[in-house]
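Structural overview
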Amino acid sequence: MGKIEGQRSASVSPAIGLQTHPARTTTVHKQKKVIMKTLYAPLVSILVLTGQNFHASAQLVTNLYSFGNRPDGGYPRAGLVQGNDGNFYGTTYSRGTSNLGTVFRISPGGSETNLYSFVGSPNDGQNPSAGLVLGSDGNFYGTTYHGGTYNSGTVFRINFSGSETNLYSFGSSPTDGTQPPYGLMQGNDGNFYGTTYTGGTSNLGTVFRISPDGGETNLYSFVGSPNDGQNPSSGLVQGRDGNYYGTTGVGGTSNLGTVFRMSPRSEEHTSELQSPC
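Quantities reported herein were computed from a predicted structural model and do not represent experimental measurements. (Residues numbered from 1 in each chain as written. Predicted model: local features only at pLDDT ≥ 70, side-chain atom pairs only at ≥ 80, totals over all residues. Heavy atoms only, no water.)

**A word on the overall build of the protein**
Tallying secondary structure elements over the protein gives one helix and 22 strands in all. Each of the 277 residues in the protein was classed as buried or not, and the buried ones make up 42%. Summed over its atoms, the accessible surface of the protein is roughly 14900 Å², and 54% of this surface lies on carbon and sulfur atoms. (Helix = DSSP H or I, 4+ residues; strand = E, 2+ residues; numbered from the N terminus. Buried < 20%, exposed > 50% of the residue type's maximum accessible area, 1.4 Å probe, protein only. Areas by Shrake-Rupley, 256 points an atom, 1.4 Å probe, with all protein chains shown as cover.)

Shown next as structure tokens:
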């Protein structure tokens, strides 16, 4: 019996140890390697990609121009628009020859030209806080927050060479809009559309239309909470349905702002301007 037990000890137990234990160890090691690769591969990829992004950003970002002393402009508050000549055009809120803002041109290589310096009331605007829009006629159109005949803001036109025309002065009547802080957009009808932050019948802002020649129409006056917005917080965009869409910073049911839609057929004080509940 002892011999048989010894045989079991010599032949069975070592056999189990040789055949089972090493095989299990190899399998476990392989599983660990797979798990480690699964867990760390995405992390390594993220680190590599992040490093590439930082490296690319460091090479791709170039300071093209720094605004300096007058008569140069200063404090640009809005973005650029590219003209048909390939250059970029924009506005600065202040500085210039009268310290009332400028319109400038800058090439893709960074060569900057001060095209126009605003001179202010009563015949010109001042302090543009919005950018320019390129009209279908090849001229640029924009707004100023102050200045004009009533010192309540203007709409202006300027060409590539810097010849500027004051098209309209806000505040011409008690129901007219005042202080347009945002840019214009050209509708499918060729007219320009925009918003004023104040003015109108309730002094809570308006939506207006202006022709390329300066004929202005107050399309809507906001009335405020609870059923309407007030003090528009942006310009307008024309949807594929032909309607105009925008936002107000406050007003509405909770006085936290609204999104509204306006029909292109709207006329002054129309009820087609809507604020969602």
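**Thoughts on the environment of R261**
Among the secondary structure elements, R261 is positioned in strand β22 (residues 258–262). C-alpha of R261 to C-alpha of N243: the two residues are 18 residues apart in sequence and 6.6 Å apart in space.

**Quick word on the pairing of strand β12 (residues 164–169)**
With five bridges joining them, strand β11 (residues 154–158) and β12 adopt antiparallel strand pairing. Looking across to β12, one finds that V155 is bridged to Y168. (Pairing = 2+ DSSP bridges.)

**Re the packing of aromatic side chains**
Within this structure, the stated rule accounts for 13 aromatic pairs. Summarising the aromatic geometry, the rings of Y89 and F160 are spaced 5.4 Å apart at their centres and angled 90° between planes, so their arrangement reads as edge-to-face. Taken as a pair, Y89 in strand β3 (residues 88–92) and F160 in the loop between β11 and β12 lie far apart in primary sequence, 71 residues in all. A relative accessible area of 0% places Y89 in the buried class. Considering the side-chain rings of F222 and F260, the 5.3 Å spacing of their centres and the 65° angle between planes classify their relative orientation as edge-to-face. Residue F222 is located in the loop between β18 (216–221) and β19 (229–232), and its partner F260 is located in strand β22; the two are separated by 38 residues in the primary sequence. Accessibility classification places F222 together with F260 in one group, the buried group. (Phe/Tyr/Trp six-rings, centres within 6.5 Å; stacked < 30°, edge-to-face > 60°.)

**Regarding the sheet that holds strand β5 (residues 102–106)**
Taken in spatial order, the four strands make up an open sheet running β2-β3-β5-β6, and their pairing is antiparallel. Looking at which strands have only one partner, the edges of the open sheet turn out to be β2 (81–82) and β6 (112–117). Relative to β6, β5 runs antiparallel, the two sharing five bridges. The partner of R105 across the bridge, within β6, is T113.

**With respect to the environment of P264**
When you line up the elements, P264 lands in the segment after β22. With a relative accessible area of 34%, P264 lands in the partly exposed category. Sequence separation between P264 and G187 is 77 residues; the distance between their C-alpha atoms is 8.8 Å. Residues in contact with P264, not counting those within four places in the same chain, are G242, N243 and Y244. (Contact = heavy atoms within 4.5 Å.)

**Focus on the sheet that holds strand β14 (residues 185–186)**
The strands making up a sheet associate through hydrogen bonds between their backbones, and the pairing can be parallel or antiparallel. Taken in spatial order, the four strands make up an open sheet running β14-β15-β17-β18, and their pairing is antiparallel. Here the strands that pair on one side only, and so sit at the sheet edges, are β14 and β18. Two elements, β14 and strand β15 (residues 192–196), share two bridges in a ladder whose sense is antiparallel. Bridging across to β15, M185 finds its partner in Y193.

**Structural notes on the pairing of β11**
With respect to burial, β11 is a largely interior element, four of its five residues being buried. The sheet contact formed by strand β9 (residues 140–144) and β11 spans five bridges and is antiparallel. Across the sheet, residue G142 finds its bridge partner in β11, namely F156. Two successive antiparallel strands, β11 and β12, enclose a turn made up of five residues, where G162 displays a positive phi of approximately 100°.

**Some details on unusual backbone geometry**
A cis geometry characterises the amide bond from R70 onward to P71, with omega recorded as 15°. With respect to the helices and strands, the residue P71 is situated in the loop between α1 (2–60) and β1 (73–74). P122 follows S121 through a cis peptide bond whose omega is 5°. By the secondary structure assignment, P122 is in the loop between β6 and β7 (125–126).

**Things to note about the side chain of N218**
With respect to the helices, strands and loops of the structure, N218 is situated in strand β18. The exposure class of N218 is buried, given its relative accessible area of 6%. A distance of 3.1 Å separates the side chain of N218 from the backbone oxygen of T175, its partner in a polar contact. Here S221 takes part through its side chain, which lies 3.3 Å from a polar atom of the side chain of N218. (Polar contact = N/O pair within 3.5 Å; in protein donor to acceptor, adjacent residues only side chain to side chain.)

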